[in-house]
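Okay, here's what each chain looks like letter by letter:
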Amino acid sequence: MAIDSLQSAVRAFGERYARGAALGAACLAAWTLMTGVIEPSPFPLASMAGVLLLSHWFRRRALADAERRRGVLEDERDALFLARGDRAFRSVASAWAVGLAFALAVPASRAVLLDVHLRLPGALLLGVIIANFAGHASVAMAYARERR
């Protein structure tokens, strides 16, 4: 009984990583909204694209570091949670792309998206970051539901 309560108090690697990654994605989304959509600038936009390209490597590196310290950290349950996060990512990314396509089809919103250089690429990048947030938040919520 005491061991069960101790194990439930210790968060799994996947849950810790998902919470941190969701917070990081939320911050990146806010930064990208400001520097990629509202007032687009080439360097911040390129740096956010670079962070997104490296995001898969961040998780692999964190997992490798944690495994070196503690041994095996993931099991079948983690694979199910990650699959749920992947589905959330794909759903949000798809919805964002469809919404952006509709926005480009309407002349008034198309003018807003295309009148400032780099605003459309910023909006595309923002959609990917928001989809990443949704995926990580979905994984974190799956862990939290399982803990109850």
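Rules of the game
- Residues numbered from 1 in each chain as written.
- Predicted model: local features only at pLDDT ≥ 70, side-chain atom pairs only at ≥ 80, totals over all residues.
- Heavy atoms only, no water.
- Phe/Tyr/Trp six-rings, centres within 6.5 Å; stacked < 30°, edge-to-face > 60°.
- Helix = DSSP H or I, 4+ residues; strand = E, 2+ residues; numbered from the N terminus.
- Buried < 20%, exposed > 50% of the residue type's maximum accessible area, 1.4 Å probe, protein only.
- Salt bridge = Lys/Arg side-chain N within 4 Å of Asp/Glu carboxyl O.
- Expected span 1.5 Å × (residues − 1).
- Bend = angle between axes of the 7 residues up to and from the residue.
- Axes fitted to C-alpha atoms, helices over the stretch in contact; angles between N-to-C directions.
- Parallel < 35°, antiparallel > 145°, perpendicular 65-115°, else oblique.
- Contact = heavy atoms within 4.5 Å.
- Nonpolar A, V, L, I, M, F, W, Y, C, P; charged D, E, K, R; others polar.
- Patch = residues over 30% accessible without salt bridge, like charges linked within 9 Å, V, L, I, M, F, W, Y side chains within 5 Å.
- Areas by Shrake-Rupley, 256 points an atom, 1.4 Å probe, with all protein chains shown as cover.
- Lys, Arg positive; Asp, Glu negative; His and termini not counted.
- Charge placed at Lys NZ, Arg CZ, Asp CG, Glu CD.

## Section: the packing of aromatic side chains
Scanning the model with the defined rule gives three aromatic pairs in all. On the basis of an interplanar angle of 25° and a centroid distance of 6.0 Å, the ring pair of F13 and Y17 is categorised as stacked. Separated by four residues within a single helix, F13 and Y17 lie in helix α2 (residues 13-38), roughly one turn from each other. Accessibility expressed as a relative area gives 7% for F13, which makes it buried. You can call Y17 buried: its relative accessible area is 17%.

## Focus: the pattern of salt bridges
Enumeration according to the criterion identifies five salt bridges in this entry. Of the charged contacts in the structure, one is a salt bridge between R19 and E15, with a shortest N-O distance of 3.2 Å. Within this pair, R19 and its partner E15 are both found in helix α2, separated by four residues, close to a single helical turn. For R19, a relative accessible area of 38% corresponds to the partly exposed category. The partner of R119 in a salt bridge is D115, with the nearest N and O atoms 3.1 Å apart. The class for R119 is buried, based on a relative accessible area of 13%.

## As for α2
Over its 26 residues, α2 extends 36 Å from the first C-alpha to the last, a length consistent with the 38 Å expected when each residue adds 1.5 Å. Its axis deflected by about 35° at T32, α2 carries its strongest bend there.

## Structural notes on the packing of α2 against helix α3 (residues 42-70)
α3 packs onto α2 with a crossing angle of 170° between their chain directions and a minimal axis gap of 11 Å. The angle between the axes of α2 and α3 places the two elements in the roughly antiparallel class. Contacts between α2 and α3 involve F13, G14, R16, Y17, L28, W31, T32, T35 and G36 from the first element and P44, L45, M48, V51, S55, F58, R59, A62, L63, A66 and R70 from the second. For the contact of α2 with α3, a count of residues per class yields 12 nonpolar, five polar and three charged.

## So, a positive patch on the surface
Together, R84, R87, R90, R145 and R148 make up a region of like positive charge exposed at the surface. Residue contributions to the positive patch peak at three residues, all from helix α4 (residues 76-105). Among the secondary structure elements, R145 is positioned in helix α6 (residues 119-147).

## Topic: a nonpolar patch on the surface
Together, L53, L54, W57 and F58 make up an exposed nonpolar region whose accessible area comes to about 450 Å². Secondary-structure assignment places L53 in helix α3.

## Considerations on the side chain of T35
Within the element layout of this structure, T35 appears in helix α2. T35 has contacts with P40, S41 and P44, leaving out every residue within four places of it along the chain.

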